[in-house]
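Understanding the architecture of this molecule
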Amino acid sequence: MALHSRGGESRPDIEVRPQLVGDSDVTQVPRYRLPERGIDAHAAYELVHDELMLDGNARLNLATFVTTWMEEEARILIEQCLDRNIVDKDEYPQSAELEQRCVHMLANLWRSPQEDDPTGCSTTGSSEACMLGGMALLRRWRAKGASGQPNLVMGTNVQVCWEKFCRYWDVEPRQAPVSLEHTHLTPEGAVARCDENTIGVVAILGSTFDGTYEPVKEIATGLDGLQSERGLDIPIHVDAASGGFVAPFLDPDLEWDFRVPRVRSINASGHKYGHVYPGVGWVIWRDSESLPKELVFDVDYLGGNMPTFSLTFSRPGAQVVAQYFNLVRLGRDGYTRVQQACRDNAGWLAERIGQMDAFETLSDGSGIPAFAFRLRDDVEGYTVYDVSELLRTRGWIVPAYPMPKDIDDLSVLRVVVRTGFSRDLAEILLTDLQRTVERLAERGGSAEDRPSFHH
């Protein structure tokens, strides 16, 4: 969860003033303190609704991988399930049944050798799923009787949840450097950092920096050689937060899943390319032996016995139900069509941006439907941050950020294409991007203090 601080001078007396107060005579509400008296529901709704208008338009947010559009039937199901606690399996047995069906479907999708009796669970998202996968790796390493400081090998391009895992569980993060030639973990980089205290290697199927897949099978082959030479049996966890719902449909011949024997666990975000509103994630283990039994609790809860493995307890069941809806609604054919449309739009947009005088693409959307691009070396007077800022005047949220450590002197822009981002919207973005760089070039650069433009 985010930690918030207002900073600066404390002003507990600051108030908000709802314009519509209905039957209430309260016209001022403390901003940072609980009001002594409440206001009627309509006034409270208008107060909150009006403030939320200042948020960005989620459909135009090309920074996030999180789903921003679902079909109306899914929205209705979510509303009907808002009050259901997914961990209360005794009271909501059918919600629990739908969760198990999802686990079975994903185990089949990821080629589990135990797909008829899979080991896995839903989570609040991929961050929790990564934590659970990391905990299983750590416990299996300890079960070998190993001593010393445990370490986890990964590239510097990993999502911050892996750094959190290492800090929270006192594991040394061994991060292999990346380069412009290889913007993610390589087999050589992984093998060079493994030793007898390595609990596992994290491979990313869909880097958040540029959308590329890490070569899982090649990393596994390198670790096979390490085992032959030094006897070190190092497992792999695949962080497929985004790619786990893309590669099975668009890249079926790519061996990254449980077809690779060294892969012990896989996680994915249902609320990314699983096309579910946040937040739901999934983690599946190769087999029951890959998840140490001592990590699983049997809880007597509200009259029923319930095995559970999670970092949280009570959480909503609505997104799990929505995930099952999508799986049966779309099927393999539907997911293939939806993901292909996203990839096609990402590839089309990346190609067009790469043809512009101002930009050079670093990736092309051929992994997950996302790509990064930079300003060409001969562009002067403005930066990618100026481009990002000026695009916001048209409602587009296109993030600008530095690449991972070792190539962090390079800053890029990134576009994530999701369901709901049509070719028409891509064409509008391309037009706005061209006008943005023309405006920045005409005015000598910085977007600061520059007027916005309009069609």
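Look a little higher up for the structure.
Attention in this report is confined to the structure presented alongside it.

1. A word on the overall build of the protein chain
On a plain count of helices and strands, the protein chain comes out with eleven helices and 15 strands. Here the protein chain holds 455 residues, and 51% of them are scored as buried. By sequence separation, contacts in the protein chain at least 24 residues apart represent 67% of the contacts at least 6 residues apart. Counting only carbon and sulfur atoms, one obtains 48% of the accessible surface of the protein chain, whose full area is about 21,800 Å².

2. Describing the packing of aromatic side chains
Applying the stated criterion to the full structure yields eleven aromatic pairs. Ring plane angle 25° and centroid distance 5.3 Å describe the contact between Phe165 and Trp169, whose orientation is recorded as stacked. Residue Phe165 is classed as buried on the basis of its relative accessible area of 0%. Judged by its relative accessible area of 26%, Trp169 falls in the partly exposed class. Site record: aromatic cluster; members linked through ring pairs are Trp162, Phe165, Tyr168 and Trp169.

3. Section: the environment of Gly120
Along the chain, the position of Gly120 falls in strand 3 (residues 119–123). Each C-alpha atom of the pair Gly120 and Val103 lies 6.1 Å from the other, and the pair is 17 residues apart in sequence. Residues within four places of Gly120 in sequence aside, it is in contact with Val103, Val283, Ile284 and Trp285.

4. Structural notes on the sheet that holds strand 12 (residues 359–361)
Hydrogen bonds between backbone groups are what pair the strands of a sheet, and the pairing can be parallel or antiparallel. With antiparallel pairing, four strands are arranged side by side in an open sheet as 12-13-15-14. Across the chains shown, the open sheet's two edge strands, defined by having one partner strand only, are strand 12 and strand 14 (400–402). Ignoring which end each strand starts from, the neighbouring axes of this sheet average 40° apart. Taken together, the four bridges between strand 13 (residues 370–375) and strand 15 (residues 411–416) define a ladder with antiparallel strand orientation.

5. Points about the nonpolar core
If you look at the biggest cluster of nonpolar residues, it comprises 62 residues, and the most contacted ones within it are Trp110, Val201, Ile236, Val238 and Trp256. The element that contributes the greatest number of residues to this core is helix 9 (residues 318–354), accounting for nine residues. Discounting chain neighbours no more than four positions away, the residues touching Val238 are Ala203, Leu205, Val216, Trp256, Val263, Ser265, Ile266 and Asn267. Membership of the second largest hydrophobic core comes to 33 residues, among which are Ala350, Phe359, Val384 and Leu429.

6. So, the pairing of strand 4 (residues 151–155)
The buried fraction of strand 4 is high, at five of five residues. Residues Asn151, Val153 and Gly155 line one face of strand 4 and the alternating positions Leu152 and Met154 line the opposite face, and both faces are buried. Regarding the hand of the β-α-β motif, the stretch spanning strand 4, helix 5 (residues 160–168) and strand 5 (residues 172–176) is right-handed. Pairing between strand 4 and strand 6 (residues 198–204): three bridges, direction parallel. Counterpart to Val153 in the pairing with strand 6 is Val201.

7. Thoughts on the pairing of strand 7 (residues 236–239)
Burial of the side chains of strand 7 extends over both faces: Ile236 and Val238 are buried on one face and His237 and Asp239 on the other. For the handedness criterion, the β-α-β arrangement of strand 6, helix 7 (residues 216–230) and strand 7 is classed as right-handed. Pairing of strand 7 with strand 8 (residues 263–269) involves four bridges; the strand directions are parallel. Following the sheet pairing, Asp239 is matched in strand 8 by Asn267.

8. Some remarks on the sheet that holds strand 6
Spatially, 3-9-8-7-6-4-5 is the arrangement adopted by the seven strands of the open sheet, whose pairing is mixed. Sheet topology places strand 3 and strand 5 at the edges, where each strand pairs with a single neighbour. Within the sheet, the average angular offset between the axes of one strand and its neighbour, ignoring direction, is 20°. Strand direction decides the pairing type here: strand 4 and strand 5, joined by five bridges, are parallel. In the strand pairing of strand 5, Val153 is matched with Arg174.

9. Some words on unusual backbone geometry
The peptide bond linking Pro278 to Gly279 adopts the cis configuration, its omega dihedral lying at 5°. With a phi angle near 65°, His275 is a residue other than glycine that sits in the positive phi range. Looking at the element boundaries, His275 is found in the loop between strand 8 and strand 9 (281–285). Residue His275 is classed as buried on the basis of its relative accessible area, which comes to 7%.

About the thresholds
Residues numbered from 1 in each chain as written. Predicted model: local features only at pLDDT ≥ 70, side-chain atom pairs only at ≥ 80, totals over all residues. Heavy atoms only, no water. Helix = DSSP H or I, 4+ residues; strand = E, 2+ residues; numbered from the N terminus. Buried < 20%, exposed > 50% of the residue type's maximum accessible area, 1.4 Å probe, protein only. Contact = heavy atoms within 4.5 Å. Areas by Shrake-Rupley, 256 points an atom, 1.4 Å probe, with all protein chains shown as cover. Phe/Tyr/Trp six-rings, centres within 6.5 Å; stacked < 30°, edge-to-face > 60°. Pairing = 2+ DSSP bridges. Axes fitted to C-alpha atoms, helices over the stretch in contact; angles between N-to-C directions. Core = buried A, V, L, I, M, F, W, Y, C linked by side-chain atoms within 4.5 Å. Right-handed = clockwise from strand over helix to strand, strands pointing away.

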